[in-house]
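# Remarks on the overall topology
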Amino acid sequence: SNQENTQLFRLKAYPNPFSSSVFISFKAPVAGNATVEIMDASGRRIELINKGNVRAGQENVVEYRATQNTPVNLMYRITVGNYSVNGKLVNAKQ
């Protein structure tokens, strides 16, 4: 289940809320190809960040930069191999 995956992943997003850009840091439970999807509240994908191959337990950081059109409420999904975990972001627009 996704709840089990959340416990296997170690992740944080900072700053959150963010204004111009946000860093998403994660350690995956397995090695494999990692992607980070940024989505709006309805689940429509806004951006796909391909991190490439990561090692299990290695800290990885990606940066997402907001644009004028970036909505206030965002979700992100990190996928590594068969594992995925979701989180929420808040875009504190200036």
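Preceding block: the structure.
So, a few notes on the structure that sits alongside this text. (Residues numbered from 1 in each chain as written. Predicted model: local features only at pLDDT ≥ 70, side-chain atom pairs only at ≥ 80, totals over all residues. Heavy atoms only, no water.)

### A word on the overall build of the chain
Threshold: Under the scheme used here, helices are H or I runs from DSSP no shorter than 4 residues and strands are E runs no shorter than 2 residues, and both carry numbers assigned from the N terminus. Here the radius of gyration uses the C-alpha set of atoms, whereas the globule reference equals 2.2 Å times the residue count to the power 0.38. Only protein chains enter the accessibility calculation, which uses a 1.4 Å probe; a residue whose area is less than 20% of its type maximum is buried, one above 50% is exposed, and one in between is partly exposed. We call two residues contacting when some pair of their heavy atoms lies within 4.5 Å. Computed with the Shrake-Rupley method and a 1.4 Å probe, the accessible areas treat only the protein chains shown as cover for residues. Asp and Glu count as negative and Lys and Arg as positive, but His and the ends of the chain are not part of the count. In plain terms, the charge of a residue is placed at NZ if it is Lys, CZ if Arg, CG if Asp and CD if Glu.
When you go through the chain residue by residue, the secondary structure sums to one helix and seven strands. Reading the secondary structure of the chain in the N-to-C direction produces α-β-β-β-β-β-β-β. Over its C-alpha trace the chain gives a radius of gyration of 13 Å, about what one expects of a compact globule, namely 12 Å for 94 residues. The C-alpha extent of the chain, read off along each of the three principal axes, is 40 × 25 × 20 Å. By the burial criterion, 35% of the 94 residues in the chain qualify as buried. Intrachain contacts of the chain at a sequence separation of at least 6 include 57% that bridge at least 24 residues. For the chain, the exposed surface amounts to about 5600 Å²; the carbon and sulfur share of it is 44%. Side chains of the chain carry 11 positive and 6 negative charges; the gap between the two charge centres is 3 Å.

### Overview of unusual backbone geometry
Here the amide bond leading from Tyr14 into Pro15 is cis, since omega sits at -15°, within 30 degrees of zero. Its place among the elements puts Pro15 in the loop between β1 (10-14) and β2 (21-27). Here Asn16 and Pro17 are connected by a cis peptide whose omega angle stands at 10°.

### A closer look at the pattern of salt bridges
Put simply, the rule reads: Note on definitions: salt bridges are taken to be side-chain nitrogens of Lys or Arg within 4 Å of carboxyl oxygens of Asp or Glu.
Inspection of the entire model under this criterion finds four salt bridges. Here Arg77 makes a salt bridge to Glu37, at a shortest N to O gap of 3.2 Å. Of the two residues, Arg77 sits in strand β6 (residues 73-80) while Glu37 sits in strand β3 (residues 32-40), which places them 40 residues apart along the sequence. For Glu37, a relative accessible area of 13% corresponds to the buried category. Measuring nitrogen to oxygen at the nearest pair gives 3.2 Å for the salt bridge that ties Arg44 to Asp40. By relative accessible area, Asp40 is classed as buried at 11%. Within this structure, Glu37, Arg45 and Arg77 form a network of salt bridges that share partners.

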